[in-house]
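# Breakdown of the fold
Residue-level listing of the chains:
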Amino acid sequence: MGTAARQRNPLPGFGLGLGITVTYLSLLLILPLGACLLRASSLTPSAFWAAVWTERAQAAYRLTFGTSAIAAAVNVLLGLLVAWVLVRYRFPGRAVLDALVDLPFALPTAVAGLVYSGLLVPSGWYGQWLSPLGVPGAYTRFAIVVVLVFVGFPFVVRTVQPVLETLERDMEEAAELLGASRWQTFARVVLPSLFSSLITGFSLAFARGLGEYGSVVFVSGNMPFKTEIAPVLIVSRLEEFAYAEATAIALVLVAGSVLALAAVNWLERRSQRYAG
Amino acid sequence: MPASTLARRVDASASSAVLRDRGETSVLAMRPHPLTLQLTVFERKEKRVDSAHPVHADKQQQPWRPAPVRDDPLWLRVALIGAAFATVGGLILVPVIYVFVQALQAGLTTYWQNLWGDEDTRHAIWLTMSVAPLSVLCNTLFGIAAAWTIARFRFPGRAVLTTLLDVPFAVSSVVAGLMFVLLFGMQGYLGPMLRAWGIQVIFAWPGLVLATTFVTLPFVVRELIPLLQAIGSEEELAAVSLGANPWQLFWRVTLPNIKWGLIYGIIQCQARAIGEFGAVYVVSGHIAGQTDTMPLRVEKLFQEYNNPGSFAVASLLTIMALVMLIAKLCLERILAA
């Protein structure tokens, strides 16, 4: 295999590069993943089911998937707005706005959690406005959604922005010449072209939300059945030294996100086929 | 494979600005110039002036454009721009300001005392500043080797390797930590054996490095693969045909070509490594003064109701994030030029 590659390619370093790559990935990825599957397979099917489908675990899955989906949907709206403004308009402060979008990628999630827990308590900067309106502040599901919106915010902007930039204006011009209103042009011409990038952004924000831990532990209060997300449940199982149960719940979480992404992928491919 | 597409997109989105810029320079022929696409508000205003004065239009030699799309009305533009500022301001800017307001509330001396007076906090800063660069170093060396192998050669199993690179993006960081506990913990598969040799991985710094390295594994290599592919191997083939040895080839040809992209990947990797929480939380056992990194210290101080201390550490992390962000912006300028 190595020699065959060499005959076509005179560049050096194939053997060394492949050796390093395979060794590194085996030690850091294959071995831990294998340990995870091995530990889960040590449970009998009924014990596995008993571990992953308790009342408490079900509540955690519902909360995790629900809040992630809501946060991702909010991000689609906000991300589309910000991407549109950044691409289509020129105004003072645009560069700053563009730069700030990336901050949630760089800011440690623990900092985000800490800050939002302070902002959302009834005496906090946001809480003092929210609590008179009857909106629950920190240590509620609402707070989980807020931090997940923060954490996933750059995904939609950064997937929609490049597509919007390369979007041909011909179609919009044609629509306008044919008498479409600005809103009709946006809804019937622009939005369908952005659909697949919006779906991609949604799925990225959603997947990020499913696995998010650092920021949520600060704001959620981690009450079983109420504000306990699945990653928190995994950690509490680990702290009880129930390793097999923790692994089983982890597998459900991973399987859930992979399934959701597969569904989204399928949707996206379908939409591309009809668009093309 | 959905996991791989996910991660590829994470990468694409994280570095989209760079990829965009690269696309403009390297695939210039295939894409129309962005100016012809972006009929922006101000440009259109200028254009209307030009058409009123044909002389000016001739002088500036603007490309001919079809009848321009109608402007969004002023009220709509103002409303949308205002809404965008409100979104980013309320969601991102206010939290950053809040960190510093809280940290500095009791004055600079107290702030300094919270950071340097606390021995455990000092240790956490030191630990983060040693664990994160170590992980980044490992991932950088690996990233160069893997990107070279995957971008320059075709071999069976190449697609599998590429997919594997994306796995850390698809796995929750808590699950990543769990995997290392299962492997190296006292009840794990290799833990008792290593313990017999006197090596402790979990609840010690090797575990922190492993978990951080796992979570940040894709950043450098995912940055380099598209870059190497876009650059192409012509220069390298020329160097080889002129008799360069592999060492010379790397230092004189390949590295100068990829250096900015490499630094870009390292910055992203470092930012994530410093802030990593979930995976590190699981493997560290959070022993104050021993395995508490800065983000873990933030959490512990928060649990102890020591808000000023917690916000002091958080402000330091925020400064690091801002520095990383500014460095990234500067690099994007360089890459665009």
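Preceding this section is the structure that the text describes.
Quick look at the structure, then. (Residues numbered from 1 in each chain as written. Chains lettered and ligands numbered in written order. Predicted model: local features only at pLDDT ≥ 70, side-chain atom pairs only at ≥ 80, totals over all residues.)

## Digging into the overall build of chain B
Summing up its helical and strand segments, chain B has 18 helices and 0 strands in all. A separation of at least 24 residues holds for 75% of the contacts in chain B among residues at least 6 apart in sequence. (Helix = DSSP H or I, 4+ residues; strand = E, 2+ residues; numbered from the N terminus. Contact = placed C-beta atoms within 7 Å.)

## Regarding the packing of helix H5 (residues 94-101) of chain A against helix H6 (residues 74-103) of chain B
Contact geometry for H5 of chain A and H6 of chain B: axes closest at 10 Å, N-to-C directions at 45°. When the interaxial angle is binned, H5 of chain A and H6 of chain B end up oblique. Classified by chirality, the crossing of H6 of chain B by H5 of chain A is left-handed. Between H5 of chain A, through Leu-97, Leu-100 and Val-101 of chain A, and H6 of chain B, the contact on the second element is made entirely by Ala-84, Phe-85, Val-88, Ile-92 and Leu-93 of chain B. Residues belonging to the contact of H5 of chain A with H6 of chain B are distributed by class as follows: 8 nonpolar, no polar and no charged. (Axes fitted to C-alpha atoms, helices over the stretch in contact; angles between N-to-C directions. Parallel < 35°, antiparallel > 145°, perpendicular 65-115°, else oblique. Left-handed = near helix turned anticlockwise from the far one by under 90°. Nonpolar A, V, L, I, M, F, W, Y, C, P; charged D, E, K, R; others polar.)

## A look at the interface of chain B and chain A
On the chain A side, the residues contacting the 93 residues of chain B number 90 residues. Within the side of chain B that touches chain A, the residues separate by chemical class into 66 nonpolar, 18 polar and 9 charged.

## Regarding unusual backbone geometry
In the Ramachandran plot, Phe-241 of chain A falls in the positive-phi region, its phi being about 60° despite a non-glycine side chain. For Phe-241 of chain A, the position within the fold is in the loop between helix H13 (230-239) and helix H14 (243-275). The residue Tyr-305 of chain B is not glycine, and still its phi comes out positive at about 60°. Mapped onto the secondary structure, Tyr-305 of chain B falls in the loop between helix H17 (294-303) and helix H18 (307-336).

## Focus on the nonpolar core
With 160 residues, the main nonpolar core has Val-147 and Ile-249 of chain A together with Leu-178 of chain B as its most contacted residues. With 15 residues, helix H9 (residues 141-166) of chain A is the single largest residue contributor to this core. Apart from the residues within four sequence positions on either side, Leu-178 of chain B is in contact with Ile-234, Leu-238, Ala-246, Thr-247 and Ala-250 of chain A together with Val-282 of chain B. (Core = buried A, V, L, I, M, F, W, Y, C linked by C-beta atoms within 7 Å. Buried ≥ 20, exposed ≤ 12 C-beta atoms within 10 Å, placed from the backbone.)

## Side note on the environment of Glu-236 of chain B
Note on placement: Glu-236 of chain B falls in helix H14 (residues 234-241). Take Glu-236 of chain B: there are 22 C-beta atoms within 10 Å of it, and that puts it in the buried class. In this structure the C-alpha to C-alpha distance between Glu-236 of chain B and Leu-249 of chain B, which are 13 residues apart in sequence, comes to 6.7 Å. Discounting chain neighbours no more than four positions away, the residues touching Glu-236 of chain B are Leu-11 of chain A together with Leu-249, Val-253 and Thr-254 of chain B.

## Re the environment of Pro-108 of chain A
Following the sequence through the fold, Pro-108 of chain A ends up in the loop between helix H6 (103-106) and helix H7 (109-120). The class for Pro-108 of chain A is buried, based on 27 C-beta atoms found within 10 Å. For the pair Pro-108 of chain A and Tyr-139 of chain A, spaced 31 residues apart in the sequence, the C-alpha separation amounts to 20 Å. Aside from chain neighbours lying at most four places away, what touches Pro-108 of chain A is Ile-274, Gly-275, Phe-277, Pro-295, Leu-317 and Ala-321 of chain B.

## Observations concerning helix H10 (residues 173-184) of chain B
Along its 12 residues, H10 of chain B runs 17 Å from first to last C-alpha, staying within 8% of the 16 Å computed at 1.5 Å per residue. Among the 12 residues in H10 of chain B, 12 count as buried, and that is most of the element. (Expected span 1.5 Å × (residues − 1).)

## Brief notes about the environment of Leu-29 of chain A
Tracing the chain through its elements places Leu-29 of chain A in helix H2 (residues 14-41). Residue Leu-29 of chain A is classed as partly exposed on the basis of its C-beta count, with 19 C-beta atoms lying within 10 Å. If sequence neighbours within four positions are ignored, Leu-29 of chain A has contacts with Leu-164 and Val-167 of chain B.

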